[in-house]
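Structural overview for review
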Amino acid sequence: MSNKYQALTQLAIDLTVSVSSQDRFDRLLSVIRKLFNCNASALLAFQHQQFSPLAINGLYDEVLGRRFNIQEHPRLEAIARAGDVVRFPADSTLPDPYDGLIPNHHGELNVHSCIGLPLLANDRLIGALTIDAFDPHQFDQFSNDDLRIISALAAASLHTSLLMEKLENQAGVFSNNDPLDAFTQQTSGMIGQSQGILDLKSQIKAVADTELSVLITGETGVGKELVASSIHQQSTRCDNNLIYLNCAALPESVAESELFGHVKGAFTGAISDRKGKFELANNSTLFLDEVGELPLSLQAKLLRALQYGDIQRVGDEKSLKVNTRIVAATNRTLHEEVKAGRFRADLYHRLNVFPVHVPPLRERDNDVVLLSGFFAERCRAKLGFKRLTIDPAAINILQQYSWPGNVRELEHAINRAAVIAKSQAADSYLQLKASHFQLNAEHLATQDQALTNTISAENSKLFCTEPDQGLREATNDFQATIIKQAYQENANNWASTAKQLKLDTGNLHRLAKRLNLK
């Protein structure tokens, strides 16, 4: 049997192994890289007219955060429409979605081999596999039949994963029997692969299909509204609209009317009957954002609505029964507000039935890279750029920044940098560089500085420089020595090592890689 068919056989075996979907996807791309000797490959899921990367090989990590709308990417649209193997000619004028996103390759991918394999299940497009090589003849030896075998195996693997995801989310969480509905929550919701976000998604999954009230806590800008939306979309109430109310923007004079509605003539300006948010959210979900800002006078009336499920419009003597689920959010520490007398204890306990905490961006390890890719792609579409990428040096700066404004601040930083880059560029192929980002130096601490601050005088005696070493080389050796010693002292556990060195775990991993320690 030729090496080609041995590889295909091994691929088929690998995809039947009982491992996680992500492991299966990574194995698929690893075998494809070995089989085709390609420079880059990606497995993408298709839904709502866009491709979302599930696994990549030979591309920058930020690609995992991008969402490629096929109307804006002609090559991906051609793959989506084809229904069979697509071989793009080396001189194709269609822009490649991965321009500027392959390490050590700068500029446009003008002359190269590119193959797109649509992945079908029950004659429906569920994803795609893209394979790229710099050599324009790299894939000439592979027939279309060979590629169809690869496509069938990849499609089966993706479809199996979607079905497994659906089985895990049964009990009526999703509104129809489409396995892609389960996948929607992974691809179009919260971007991130950190443990904090995985734990958060698990909590959402657990509480979504219940009737429990949820209190979402977290700093400003972490994405509490997105969490509320995800809870609603995964609930049995998802066929009805999520109703939103920003409690911080409510003048006290109209707050009761906003919540419970009013009847004609109830007050000056009440020219007709009007439903409040509670009534609009009947058989749905009401999201009370910044609930900690509600005045005490209104908190008692809100409590009654939560306790008994009935409301009274302003100016009306009759009560109305409503079936409204409450999801609330705050950036305040409500139990401290209770102690200070600014928030009712009984209302707090009624809202805090199932607390969900959203971690700040600084605690989300490599998620800043994926989010940067997501916002860069969205910004590219909004501003009409042909390409918008982020220089690796700029990515390094973004990872070192502490993001006091969290995800919202990162989005704004990407948008500002894009506008600045556009003003300095002559064409629409832009790369965001470190100089384009206007970040507060107070919140920017390099890994080197962080590590240096943790080294004691006793440890410094362990290291001596060579006479001909430069400062940078000597510093690198010094850091490597300290890290190796701490790693051994902590039984080869990176998390414990990071704690001893007073470093963020993600920063330590990146520094260890730079120093060739892993």
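Summary of the structure given here. (Residues numbered from 1 in each chain as written. Predicted model: local features only at pLDDT ≥ 70, side-chain atom pairs only at ≥ 80, totals over all residues. Heavy atoms only, no water.)

Within the protein chain, the secondary structure is distributed over 20 helices and 17 strands. Scored against the burial criterion, the 518 residues of the protein chain give a buried share of 48%. Restricting to contacts in the protein chain with at least 6 residues of sequence separation, those with at least 24 account for 68%. Put simply, the protein chain shows about 24,800 Å² of open surface, and 48% of that area lies on carbon and sulfur atoms. (Helix = DSSP H or I, 4+ residues; strand = E, 2+ residues; numbered from the N terminus. Buried < 20%, exposed > 50% of the residue type's maximum accessible area, 1.4 Å probe, protein only. Contact = heavy atoms within 4.5 Å. Areas by Shrake-Rupley, 256 points an atom, 1.4 Å probe, with all protein chains shown as cover.)

As a further point, take the packing of aromatic side chains. Evaluation of the coordinates by the stated rule reveals nine aromatic pairs. For the ring pair tyrosine 244 and phenylalanine 287, a centre distance of 5.7 Å and an interplane angle of 50° mean the geometry is tilted. Linking tyrosine 244 in strand S8 (residues 243-246) with phenylalanine 287 in strand S11 (residues 285-289), this pair joins segments that are 43 residues apart in sequence. Consider the rings of tyrosine 487 and tryptophan 494, whose centres lie 4.2 Å apart with planes at 25°: the pair is stacked. Among the residues examined, tryptophan 494 registers a relative accessible area of 15% and is labelled buried. Every member of this aromatic cluster is reached through a ring pair, and the members are Phe36, Phe139 and Phe142. For arginine 75, the ring lying beneath its charged end belongs to phenylalanine 88, and the centroid distance is 5.0 Å. (Phe/Tyr/Trp six-rings, centres within 6.5 Å; stacked < 30°, edge-to-face > 60°. Lys NZ or Arg CZ within 6 Å of the ring centre and 35° of its normal.)

What follows deals with the sheet that holds S8. Read across the open sheet, the five strands follow the order S8-S11-S14-S7-S15; overall the sheet is parallel. The sheet terminates laterally at S8 and strand S15 (354-357), the two strands that pair on one side only. Looking at each pair of strands side by side, their axes are set apart by 20° on average, direction ignored. (Pairing = 2+ DSSP bridges. Axes fitted to C-alpha atoms, helices over the stretch in contact; angles between N-to-C directions.)

What follows is about unusual backbone geometry. A positive phi angle is found at asparagine 37, which is not glycine, with a value near 55°. Secondary-structure assignment places asparagine 37 in the loop between helix H2 (21-36) and strand S1 (40-47). If you check the backbone angles, glutamine 49 has positive phi at about 65° while not being a glycine.

This paragraph deals with the sheet that holds strand S5 (residues 113-121). Sheet architecture is open: six strands sit in the order S3-S2-S1-S6-S5-S4, paired in antiparallel fashion. The sheet is open, and its two edges are formed by strand S3 (68-69) and strand S4 (86-88), each paired on a single side. Judged from the seven bridges that link them, S1 and strand S2 (residues 50-57) form a sheet pairing that is antiparallel. By the bridge assignment for S2, alanine 45 is matched with serine 52. On the sheet, helix H3 (residues 74-82) packs against S1, S2, S3, S4, S5 and strand S6 (124-133) and is oriented at approximately 155° with respect to S4.

The next thing to look at is the pattern of salt bridges. A complete count under the given rule lists 21 salt bridges for this structure. In this structure, arginine 75 engages aspartate 96 in a salt bridge whose closest nitrogen and oxygen atoms are separated by 3.9 Å. Remark: aspartate 96 occurs in the loop between S4 and S5 and arginine 75 occurs in helix H3; sequence separation between them is 21 residues. For the pair arginine 75 and aspartate 96, one class covers both residues: buried. The structure contains a network of salt bridges with shared partners spanning Glu62, Arg66, Glu72, Glu377 and Arg380. (Salt bridge = Lys/Arg side-chain N within 4 Å of Asp/Glu carboxyl O.)

As a further point, take the packing of helix H6 (residues 195-208) against helix H7 (residues 224-233). Axis separation between H6 and H7 bottoms out at 8 Å; the angle between their running directions is 40°. With respect to each other, H6 and H7 are oriented oblique. Considering only the axes of H6 and H7, their crossing is right-handed. Residue-level contacts link Leu200, Ile204 and Ala208 of H6 to Val227, Ser230 and Ile231 of H7. Counted by class, the contact of H6 with H7 contains five nonpolar, one polar and no charged residues. (Parallel < 35°, antiparallel > 145°, perpendicular 65-115°, else oblique. Left-handed = near helix turned anticlockwise from the far one by under 90°. Nonpolar A, V, L, I, M, F, W, Y, C, P; charged D, E, K, R; others polar.)

Here the focus is the packing of helix H8 (residues 252-260) against helix H10 (residues 296-308). Where H8 contacts H10, the axes come no closer than 10 Å and their chain directions differ by 10°. Taken together, the axes of H8 and H10 are roughly parallel relative to one another. Together, Glu252, Ala255, Glu256, Leu259 and Phe260 of H8 and Ser297, Leu298, Lys301, Leu302 and Ala305 of H10 make up the contact between the two elements. Each residue belonging to the contact of H8 with H10 can be placed in one class, and the counts come to six nonpolar, one polar and three charged.

Let us look at the pairing of strand S14 (residues 325-330). Most of S14 sits inside the fold, with six of its six residues counted as buried. Side chains Arg325, Val327 and Ala329 of S14 all project onto a buried face; the interleaved residues Ile326, Ala328 and Thr330 project onto the opposite face, where all are buried too. Across four bridges, the pairing between strand S7 (residues 214-217) and S14 is parallel. Bridge assignment links threonine 217 to a residue of S14, and that residue is threonine 330. In the sheet, S11 pairs with S14 via four bridges, with the strands oriented parallel. Its bridge partner being in S14, leucine 288 is matched across the sheet by alanine 328.

What follows concerns the side chain of glutamate 409. With respect to the helices, strands and loops of the structure, glutamate 409 is situated in helix H15 (residues 406-424). The buried charged residue glutamate 409 lacks any salt bridge, with arginine 416 as its nearest oppositely charged partner at 5.7 Å. A polar atom in the side chain of glutamate 409 sits 2.6 Å from the backbone nitrogen of glycine 405. In contact with glutamate 409, other than residues within four places in its own chain, are Tyr401, Trp403 and Pro404. (Lys, Arg positive; Asp, Glu negative; His and termini not counted. Polar contact = N/O pair within 3.5 Å; in protein donor to acceptor, adjacent residues only side chain to side chain.)

All right, on to the pairing of strand S16 (residues 387-390) then. Here S16 shows no split at all, with Arg387 and Thr389 on one side and Leu388 and Ile390 on the other all buried. Bridge analysis of S16 against strand S17 (residues 429-432) gives four bridges, and the strand direction is parallel. Within S17, the residue paired with threonine 389 across the bridge is glutamine 431.

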